Amino acid sequence: MAVIELSNVSRAFTVTSRTGFRRTRREVRAVDGLSFTVEPGEVVGYIGPNGAGKSTTIKMLTGILVPTGGSIRVAGVDPSRNRLKLAKRIGVVFGQRTTLWWDLPLKDSFAVLQKMYDVPRARHRENLATFVELLDLGDLLDVPVRQLSLGQRMRGDIAAALLHDPEIVYLDEPTIGLDVISKARLREFLAQVNAERRTTIILTTHDLDDIEALCSRVMIIDHGHQIFDGTLAHLRASQSAPRTLVVDLATSLPPIEVPGATVTKVNGPRQHLTFPTTTKAAPLLAEIAANYPLVDLSVAEPTIESVITQLYTPTPTS
Amino acid sequence: MGVYWAIGVRSFRRFSTYRIATASGAFTNTVFGFILCGIYLTLWHERPGLGGYDVSDALTFVWLQQGLLMPIGIFGATTTVELGERVRSGEIAVDLYRPTHLMLWWLSVDLGRAMFQLIVRGGAPLLVGAFVFDLKFPSGALTWLAIALGLVLGILVSFGLRYLVALSGFWITDSRGTEHLALVLSLFFSGTVLPLVVFPGWIGDFARATPWAATLQVPIDIWLGRNPGGVGAALLFQLGWIVVLLLIGQLATSFATLKVVIQGG
Ligand SMILES: Nc1ncnc2c1ncn2[C@@H]1O[C@H](COP(=O)(O)OP(=O)(O)OP(=O)(O)O)[C@@H](O)[C@H]1O
Ligand SMILES: [Mg+2]
């Protein structure tokens, strides 16, 4: 049974802009005919360029924003109609905002959350102990939230979102502004929570390392439309982003001629060639080695960034 | 229910950490108390028995008012101002994905604040004033009970008003205008500028029927024993406004969360 089900979901905003006395109304379709399902225990990376509709989707999934079209079911209910009931079963982290109380020490925020979600005391203590250890919060518990650094606060926020054992966690850019070590630690923590508790995680991010480290599945959205849904390996394979071959020759030569590949850059004796993923590298090498004084070479796979960049900027269709 | 109590208590504690603000606030209230006493003494000297108050009533009014401005939130209160800011910035999203009722939540936060300000600094100007002037103090357990009740109800009415002002940001992009308008109405109709008893005719009747009258004028009149229709009617008047305002507040909350867009990504 899918834990999240969207069918043909849309959300439009009316934006009014004023120039002088003129008011113009324009409709922005932030999410446009989106359909997907998520199974319990999945970790889904939800990515897309700025303004793609990621946060809008998350808001609809939590029930704080009503779709203008289509239907959503989360844990079997319509989120916007059952917002309060559903709230007990989900956890949310909006990277730029905090759930914690600014003027209270971290531990007070946690105490309020225990009451808010009716977590049995023993369970609360157990979870808190675990999270304090895994997220290294021990020294921070007595510090008022406003005195925490961004990374410290974020760790507190993640713990806060998970204290009540939610079935589903939405993380909207949880690693924004964190340093490399904090990011790594956070990813490790989330992976562990998912493995041990079977928590379903929906993660939006602009950091593709988050996706590589955590997500069994990637969903890409652009202009409110879904443009990819599958595994990371699948994503790499699906795209015909060209591979690059770098050859070092014994001497500087004009661009070499090899059938099936084109030279993109010449740098002294070093030449860069690109060839489509459909072409095998070995015959190309044989061809080059037979006709030119080859000294050294390397083949570069397309990076996940380049794959996604290519997806974001669709080639004009003729 | 436990969560509302818990957040109320923490709000109380939060305000207790603002020691300098509390002390300087009480000091300002006391200074204003003396200034107003000067004005009121002149006024009641010219027109003895104005509005049915004698001089001692008028002076007691001043010192009570100065102590109650903050707890009741006549100028607005930190809590509901923060709520308004959260609505404007979209931060309100965080409150909405919690399994708590938005209005009850902020009511608890506001009560925690109000109770701290009432207990710790509410009486301070009155004590100072009582050294200098001959002020009225109520007697009888029942009167004290009525006063306590009237004060809590006054705070609730005030919250009902301030909550609606804060939520207006869901519909009006610049709700600071609403806040300013609300401040003017509050200052005038609560009896802060002048006790409402001094206004004659229909203006007075109208002023005394507004919800703002239920915030400050009514509890002070309970203290003075000057409610036109008696204490029972005064408390019912407050209760009536609380029911009306909180009902509208609840409606506005559901409406806001269903129809309205939360700002920002
Ligand atoms: N309250 C709103 N009023 C009007 N338009 C909005 C509102 N919220 C979002 N939008 C528009 O909807 C689109 C999607 O916004 P959304 O916040 O979902 O993007 P996002 O994918 O989260 O982007 P980012 O990576 O920048 O966070 C944008 O074009 C945005 O301008
Ligand atoms: Mg976003």
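Source: prediction; values computed, not measured. (Residues numbered from 1 in each chain as written. Chains lettered and ligands numbered in written order. Predicted model: local features only at pLDDT ≥ 70, side-chain atom pairs only at ≥ 80, totals over all residues. Heavy atoms only, no water.)

Give a description of the interface of chain B and chain A that names residues and reports values.
Each partner contributes residues to the interface: chain B has 28 residues there, and chain A has 29 residues. The contact between chain B and chain A buries some 2600 Å² in all, and 62% of this surface belongs to carbon and sulfur atoms. In terms of surface lost to chain A, no three residues of chain B exceed Arg10, Tyr97 and Pro99 of chain B, which account for 29% of the buried area on that side. Counting across the chain B and chain A interface gives 4 salt bridges. A salt bridge links Arg97 of chain A to Glu91 of chain B, with the nearest nitrogen and oxygen atoms 3.5 Å apart. On inspection of chain B and its partner chain A, the count reaches 8 residue pairs in polar contact (both at pLDDT 80 or more). (Contact = heavy atoms within 4.5 Å. Buried area = accessible area lost by both parts, 1.4 Å probe. Salt bridge = Lys/Arg side-chain N within 4 Å of Asp/Glu carboxyl O. Polar contact = N/O pair within 3.5 Å; in protein donor to acceptor, adjacent residues only side chain to side chain.)

An account of the sheet that holds strand β9 (residues 225-230) of chain A is requested, with residue identities and associated values reported.
Residue and element names in this part refer to chain A. The strand order β5-β6-β7-β3-β8-β9 describes an open sheet built from 6 strands, whose pairing is mixed. Two strands lie at the open edges of the sheet, namely β5 (90-94) and β9, each paired on one side alone. This sheet shows a mean twist of 15° between the axes of neighbouring strands, independent of strand direction. Here strand β3 (residues 43-47) pairs with strand β8 (residues 217-222) via 4 bridges, running parallel. Within β8, the position partnered with Tyr46 by the bridge is Met219. (Pairing = 2+ DSSP bridges. Helix = DSSP H or I, 4+ residues; strand = E, 2+ residues; numbered from the N terminus. Axes fitted to C-alpha atoms, helices over the stretch in contact; angles between N-to-C directions.)

Kindly report on the pattern of salt bridges, identifying the contributing residues and their values.
Counted under the stated rule, the structure contains 33 salt bridges over all chains. A salt bridge links Asp78 of chain A to Arg81 of chain A; the nearest nitrogen and oxygen atoms lie 3.6 Å apart. Several salt bridges share partner residues, and in doing so they unite Asp103 and Arg146 of chain A together with Arg14 and Glu82 of chain B into one network.

So, the packing of helix α3 (residues 55-72) of chain B against helix α6 (residues 102-121) of chain B: which residues are in play, and what are the values?
Residues and elements named next belong to chain B. Their axes nearest at 8 Å, the elements α3 and α6 cross at an angle of 160°. Relative to α6, the element α3 is oriented roughly antiparallel. In this structure, the crossing between α3 and α6 has a hand that is right-handed. Note on element contacts: α6 touches α3 through Arg113, Ala114, Gln117, Leu118 and Arg121, opposite Gly67, Leu68, Met70, Pro71 and Ile72. Here the residues of the contact of α3 with α6 are counted per class, giving 6 nonpolar, 2 polar and 2 charged. (Parallel < 35°, antiparallel > 145°, perpendicular 65-115°, else oblique. Left-handed = near helix turned anticlockwise from the far one by under 90°. Nonpolar A, V, L, I, M, F, W, Y, C, P; charged D, E, K, R; others polar.)

A description of the pairing of strand β6 (residues 168-172) of chain A should follow, citing residues and the corresponding values.
Residues and elements named next belong to chain A. The buried fraction of β6 amounts to 5 of the 5 residues, a majority that puts the element mostly inside the structure. Burial along β6 is two-sided: Ile168, Tyr170 and Asp172 and Val169 and Leu171, pointing in opposite directions, are all buried. For β5 and β6, the ladder comprises 5 bridges, and the chain directions are parallel. Across the sheet, the residue bridging to Gly91 is Val169, located in β6. One crossover worth recording links β6 to the parallel strand β7 (residues 200-204) by way of helix α6 (residues 180-197), and it is right-handed. (Buried < 20%, exposed > 50% of the residue type's maximum accessible area, 1.4 Å probe, protein only. Right-handed = clockwise from strand over helix to strand, strands pointing away.)

Tell me about empty space enclosed by the protein, and name the residues and values.
As enumerated under the stated definition, the model contains 3 cavities of 30 Å³ or more in all. Of the pockets and cavities examined, the largest cavity occupies roughly 70 Å³. Around the largest cavity sit Ala87, Ile90, Gly91, Val92, Thr99, Leu113, Tyr117, Ala160, Ala161 and His164 of chain A together with Tyr97 of chain B, which together line it. Among the elements of the structure, β5 and α5 (150-162) of chain A are those that each provide at least two residues to the lining of the largest cavity. Broken down by element, the lining of the largest cavity gets its largest block of residues, 3 residues, from β5 of chain A. (1 Å grid on protein atoms, 1.4 Å probe; cavity = no way out; pocket = protein on both sides within 12 Å on 5 of 7 lines; lining within 4 Å. Points joined across faces, edges and corners; volume = space filled by probe spheres on them.)

Can you tell me about the nonpolar core, naming the residues and giving the values?
Ile4, Val74, Phe110, Ile158 and Tyr170 of chain A together with Trp105 of chain B are the most contacted members of the largest nonpolar core, which has 151 residues in total. A total of 12 residues in this core trace back to one element, the largest contributor, which is helix α8 (residues 141-167) of chain B. Sequence-distant contacts of Ile158 of chain A, defined by excluding residues within four places in its chain, comprise Val93, Leu171, Pro174, Leu186, Phe189 and Leu190 of chain A. Counting 11 residues, the second-largest nonpolar core is a separate cluster that includes Leu249, Ile256, Ala261 and Phe275 of chain A. (Core = buried A, V, L, I, M, F, W, Y, C linked by side-chain atoms within 4.5 Å.)

Mind laying out the domain arrangement of chain A, listing which residues take part and the relevant values?
As far as domains go, chain A holds domain 1 (4-237) and domain 2 (243-301). Placing the centre of domain 1 of chain A and that of domain 2 of chain A at their C-alpha centroids yields a distance of 45 Å. (Domains from an automatic or database assignment.)

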